[in-house]
Every structure is written in C-alpha cells, then in structure tokens.
Amino acid sequence: MADYDVVIAGAGTGGATTAYTLAKKGHSVLLLDRKERDEIGNKTCGDAIGQHHIQELKELVGLPDMPAGIIEHDVNGIDLIAPDREHRLRMAGPTTKGYSFNRLKMGQWFVDLAEDAGANVMASTRAKRLEFEGGRVSGLKIGTSDDSEKSITARIVVDATGATGMLRRQLPDESPIEKTIDKADIMVAWRDIYRTPQYEFENPDILEIYWNQEETLGGYTWVFPQGTHRVNVGVGLMTLPGHRKPQEIFDSFVRTSWEFMETPVETIDSSGGIAPVRRPIDTLVDDNFMLVGDAACQVNPVHGGGIGSSMLGGALAGLTASDALERNETSMKSLWPYNPRYMEAYGAKQASLDVFRWFLLNITNEDIDFAFEKGIIKASDLLDTSMTGKMKIGTGEKFRRLVSGFGKLPLLLRVSKVAKLMDDIRELYLDYPEEPSGLAGWKARLKPIYDEAKAI
Ligand SMILES: Cc1cc2nc3c(=O)[nH]c(=O)nc-3n(C[C@H](O)[C@H](O)[C@H](O)COP(=O)(O)OP(=O)(O)OC[C@H]3O[C@@H](n4cnc5c(N)ncnc54)[C@H](O)[C@@H]3O)c2cc1C
C-alpha cells in the first residue's frame, strides 16, 4: 500500500489548490515545499489577480472568500499605454475587477486551506527524484532540512514545482509529456516594490501596463499601485536571442523614466523571476503523474498572469485525480479527463493568446503608436480578446479604411491572418482528444498552425 494517495511537490497556489481539493474529498495528501513553512508564497510577482478567478474557484471547489488582510487594494481597471506614452486605453468592466494583494500572506492562506482540509504539509522538504516501479511513477525521493533522504510512495505524484517543472524534466523519453520548454516561450522579469512617501498615486485602483518593443520586446513594464504610497513595478520580456537582462532594463529605463522614481523611495523588495508564456503542455498527465500550474505552462501568454489559472488547474487536477482514485485506477487513461477539462476551461484561450503573442512580438513601436493614435484599437475589443481569446480587432470597416488610407496594409493583412489562426487554434483545443490514443493525430494538426503563427 502506498504511503499517500497523492504527493504534491510544490505548495504554491497550484499545488496548494490541488491539495485542498483532494483533501476535502477525503484522500490522503502530502503537500511538500522546499521553502520554510512561513516563507511559502514569497515570490517575485506583480501581486494582482482578477476577482473572477476567485469566483470560479468558489463555484468549482468551494474556495472561501479571500480574507481582507491579504488584499492591499481593490483594482477597478487596467490602462494600456502606447510606447509614445501619450495615448492610453482604459480597460474597465466586471472582468477587470480584482485585487492587488500581499503575496506572502496569499501563499500562506492557500497552504493553511490545504492543511485545514486535512493535507499533511511538509515544509523545508525538497522533491529530489521521481521514483518508478515497472516503468510507472511510484513515488518521490525527498530531501529534508537535516540533509537526510527518504522515499515516499504515492498512487499519484503531482509536479507543481513552478516554472522549473523539475519533476516533469525527469520523465523518461517514452513519456508523451514534453520535458523541456523552448527558451522563446519563457518570460524573464525584474520587479521592485516601493513605498513612495513623497509621491502619491492618484488612481491606486488602476493598474498600468506600458508597451515598448524596443525596451521590453514581447513584454511590458507594469506599474501596479498598492495604495496611494506603495507600488509594485517591473519589466518582463521574452528570452529571444540577444535579449537584454531585465534588471539592466529596469535600471536604465524604469529608474529614469517614471516620475515617482525621481522622489525618494523605500525599497520593500527587489527580485527577478521567470514564467512560461505559451500554450499549456500538450498533455498534462502520464501514468500516476500530473502537472499543475507553471510546471504545466498554465500561464496567460499575453499578460503573464498565472495565479488564477494555476488554481483552476489545481482544482481540475484534484477533481479528476479524486475520480480516478475512487475507481482505483490511476493510469494515464484514467487521469486523461484532466486534459480536455483544462483545455476547455482555459487552455484553448491560452493557445489562442499564444498565437497573439507571436504576432505582438513582430509589431513595432510605430505600429502600436499608430493604432492607439488613430483609435484603431478599442479598449473593449482588447478586453474581449484577453478574456475569450477571440480577436475582433481588424475586422471592422473603420480599421480597414484607416489602415489602408495610411499605407498600413501589411499590418492589416497580418492582423486578419492572426485573427483567423487564433480561431483555428481555439477550435483545435476545444476538439482535444478524449483518449490518449488521439494525442499524436491532434499534435499533427497543431503543428502547422503554430508554424504559421510564428512566421507572421
Ligand atoms: C515577475 C512575475 C510577475 C508575475 N505577476 C503575476 C501577477 O501579478 N498575477 C498573476 O496572477 N500571476 C503573476 N505571475 C505568475 C505567477 O506568479 C505564477 O503563474 C504562479 O505563481 C504559479 O503558481 P505555481 O503554484 O504553479 O508555482 P509557484 O508559485 O512558483 O510555486 C511553486 C512552489 O514549488 C516549490 N518548489 C520548487 N521546486 C521544488 C522542489 N524541488 N521541491 C519542493 N518544492 C519545490 C517552490 O518553493 C514554490 O513554493 C508572475 C510571474 C512572474 C515571474
């Protein structure tokens, strides 16, 4: 008999939600993290989340309301600012309502939830190696703070170790799960949190995102106030060949180009981080094995937010694993329903936004300034695209008239093409195979869409 029904490596929001979901269903769960117990949740982040993610989890697995002490400030909208810094679009509506929050307190709350639901939490414990029996995952070798090693057996092992996906990378070559991730699909970032005693943020409920392809190619600079005298500010960009270091960009660009940086600021935290910004891993399961959160590439490819989707992934993985455990069958086939469930709930939108990301990588500051200045992009369209993965931009008559009138026909053609590819890929993800045997054929349909998206 295994030591646990499920062992989850990594107690971030993804792993903790998986543990919470399974423990609530009465399964024996071990949730482990290499960090000390009171440090779990402390990570480089923009510290912002949409309210709708919390609501979704409430409905799916009964997540309670987020305690007030975690929230720093309510968020009511997001401003997108063009490279010229003169034009901005405000996205505001029910889907941009959210919170800026204290990251450590948020992480601690999630682990407490899992523990209170009955999960056994082991902090200061490192997942070292996947262990196998008869070619199938059977448990984990763990290392504790006193440097001792121990084997733990489990019917299912979940890799929720974040962007490193360190257990995923140990799977054998025969596994259908991708082990490595392309560098071009990784966002690198640097961010600081400041108290600004002599500078007052006038609209602390509005998050600001600044586009500038020359400084932050494929990414952006964010300025997220956390009240009138506190701010989370950072830069993120794609790791394309020759990219600059984010800390360097932060120093040369952010420090010199924002008004609040001209006032004395007190640094609360300063650190770097990475996130995978692509479609989800093609299959999230193998025999006795599941992926959740950043380890599964469940991050929004355009804005890099991944807390809500890691919670969603964790809940869906937990619910599917619970069904499989009830059936006493934890094979890949039995865990497979997690795939179509996730792809339908979020993966299809992610894949579509990944196509959009490739398009964004190839547009210039001049293109963006032009689109903002001429009112070609509407805030409501952008909001719609980011929520649904469907692109309306570029299909309107006004867009055609303006763009062709100003000699921007190639941009128009590319926009129309990318909108079609986004639709195609969404449809493909909504047609995700119901059985493992369909995976190879599905991947063969996926490849040409991606190849075309990258070439636009
Ligand atoms: C700069 C930056 C800003 C971001 N801003 C936002 C934002 O504002 N809003 C948002 O929604 N998302 C944001 N994200 C993304 C978000 O942080 C992640 O998508 C989310 O935290 C993923 O959760 P997770 O549980 O999968 O991974 P993580 O939160 O990374 O948790 C993984 C856990 O695994 C543990 N671990 C790792 N290896 C081992 C091991 N070998 N053994 C045991 N434990 C291990 C780690 O200690 C960690 O606690 C940002 C990311 C970056 C890099």
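Residues numbered from 1 in each chain as written. Predicted model: local features only at pLDDT ≥ 70, side-chain atom pairs only at ≥ 80, totals over all residues. Heavy atoms only, no water.

Comments concerning the packing of helix α2 (residues 51-61) against helix α5 (residues 307-326)
Running from N to C, α2 and α5 cross one another at 10 degrees; their axes reach a closest spacing of 9 Å. The pairing of α2 with α5 is recorded here as roughly parallel in orientation. For the pair α2 and α5, contact is made by His 53, Ile 54, Glu 56, Leu 57, Leu 60 and Val 61 and by Gly 308, Ser 309, Met 311, Leu 312, Ala 315, Leu 316 and Leu 319, respectively. Looking at the contact of α2 with α5, its residues break down into 9 nonpolar, 3 polar and 1 charged. (Axes fitted to C-alpha atoms, helices over the stretch in contact; angles between N-to-C directions. Helix = DSSP H or I, 4+ residues; strand = E, 2+ residues; numbered from the N terminus. Parallel < 35°, antiparallel > 145°, perpendicular 65-115°, else oblique. Contact = heavy atoms within 4.5 Å. Nonpolar A, V, L, I, M, F, W, Y, C, P; charged D, E, K, R; others polar.)

Points about the pattern of salt bridges
Evaluated as defined, the whole model comprises 28 salt bridges. Close ionic contact of Arg 255 with Asp 251 constitutes a salt bridge, the shortest N to O distance being 2.7 Å. In this pair, Arg 255 and Asp 251 are both assigned in helix α4 (residues 246-257), 4 residues apart and thus about one turn of the helix distant. Accessibility expressed as a relative area gives 36% for Arg 255, which makes it partly exposed. When the shortest N-O distance is used, the salt bridge between Asp 282 and Arg 279 registers 3.3 Å. The network of salt bridges with shared partners includes Glu 178, Arg 278, Arg 279, Asp 282 and Lys 443. (Salt bridge = Lys/Arg side-chain N within 4 Å of Asp/Glu carboxyl O. Buried < 20%, exposed > 50% of the residue type's maximum accessible area, 1.4 Å probe, protein only.)

As for the layout of surface pockets
Empty space within the second largest pocket amounts to approximately 380 Å³. Around the second largest pocket, the lining comprises 17 residues; the ones closest to its centre are Arg 88, Tyr 199, Phe 201, Glu 208 and Tyr 210. For the lining of the second largest pocket, the secondary-structure elements that each account for two or more residues are β6 (88-92), β13 (206-210) and β14 (220-225). In terms of residue count, the dominant contributor to the lining of the second largest pocket is β13 (3 residues). Classifying every residue of the lining of the second largest pocket by side-chain character gives 8 nonpolar, 1 polar and 8 charged. (1 Å grid on protein atoms, 1.4 Å probe; cavity = no way out; pocket = protein on both sides within 12 Å on 5 of 7 lines; lining within 4 Å. Points joined across faces, edges and corners; volume = space filled by probe spheres on them.)

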